Amino acid sequence: MKVQNNNLIRYNTGFTARAVSQPAFKGIPKTITHCNIGSMPEGIIGKVKVAKKNGEEAYLNVMKLLGVSGDETYQLRTDRGGIIGEIELRIKKAPQDYDRLEFPEDPSHVFVQYLRNYSKKGTPFHIEGLEEYKDIGTRLLQIAQRRSDETRCCGNIKLISKNESMPFYEKLGFKKEESGPWGNPNKYYLPPEAKEPLSRLSGGL
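Here the structure is a predicted model, which means the values were calculated and not measured. (Residues numbered from 1 in each chain as written. Predicted model: local features only at pLDDT ≥ 70, side-chain atom pairs only at ≥ 80, totals over all residues. Heavy atoms only, no water.)

(A) Seen up close, the state of the cysteines. Inspection of the entire model under this criterion finds zero disulfides. With no disulfide partner, C154 has as its closest neighbouring cysteine sulfur the one in C153, 7.0 Å distant. (Disulfide = S-S within 2.5 Å.)

(B) Up close: the sheet that holds strand 10 (residues 175-176). Spatially, 8-3-4-5-6-7-9-11-10 is the arrangement adopted by the nine strands of the open sheet, whose pairing is mixed. Each edge of the sheet is formed by a strand with only one pairing partner; in this case those strands are strand 8 (133-134) and strand 10. One ladder, built from three bridges, connects strand 9 (residues 157-160) with strand 11 (residues 187-189); its direction is antiparallel. Counted as the bridge partner of L159 is Y188 from strand 11. Against the sheet, helix 1 (residues 136-150) touches strand 3 (43-52), strand 4 (57-66), strand 5 (72-77), strand 6 (83-92), strand 7 (109-117), strand 8 and strand 9, its axis set at about 160 degrees to strand 7. (Pairing = 2+ DSSP bridges. Helix = DSSP H or I, 4+ residues; strand = E, 2+ residues; numbered from the N terminus. Contact = heavy atoms within 4.5 Å. Axes fitted to C-alpha atoms, helices over the stretch in contact; angles between N-to-C directions.)

(C) Quick peek at the pairing of strand 6. In terms of strand pairing, strand 5 meets strand 6 through six bridges, oriented antiparallel. If you follow T73 over to strand 6, its bridge partner there is E88. In this sheet, strand 7 lies alongside strand 6 in antiparallel orientation, the contact comprising eight bridges. Across the sheet, residue E88 finds its bridge partner in strand 7, namely Y114.

Below you can see the structure in the form of structure tokens.
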């Protein structure tokens, strides 16, 4: 069971449900804390709080883009339009008649197709000249988690990590999915015990 209290979502290992409050906003809120991301149109949907390399607080715009095949892309942008990071995800809902013997819990999840922080030096997608920000990957994964919650995917997230990114995901609580000898050893999932800590990290969305 999952409940929301003081803008934080609590998770446990069972079926998750959501208690949603509907605060009245006029226009786009400053941040996406109270935003139902899935119901928002394409474009800037609000802001998220991050930190600059020196620790100074900063806010980046969240740009929502929809692909023709159902993919969703979320970019973190400066007020001048520079892209600091982005995530592309796909909602993967299990059919109602899925094999409950093989999958005791609903296997529906959000699959992260890619996650990139363009401001972090020493990473494959770093763009020279961009000011470096902290919490970019965390905020993007929290957006994926929110979408998993909104689409009744139980807060589940899966992804395939690049080798150099494995320590980052493991620090957030992601675990390798058992794949057998022919599976992808870089496939990760967010286990139940890591859902609430991720949602709270750095103050949450």
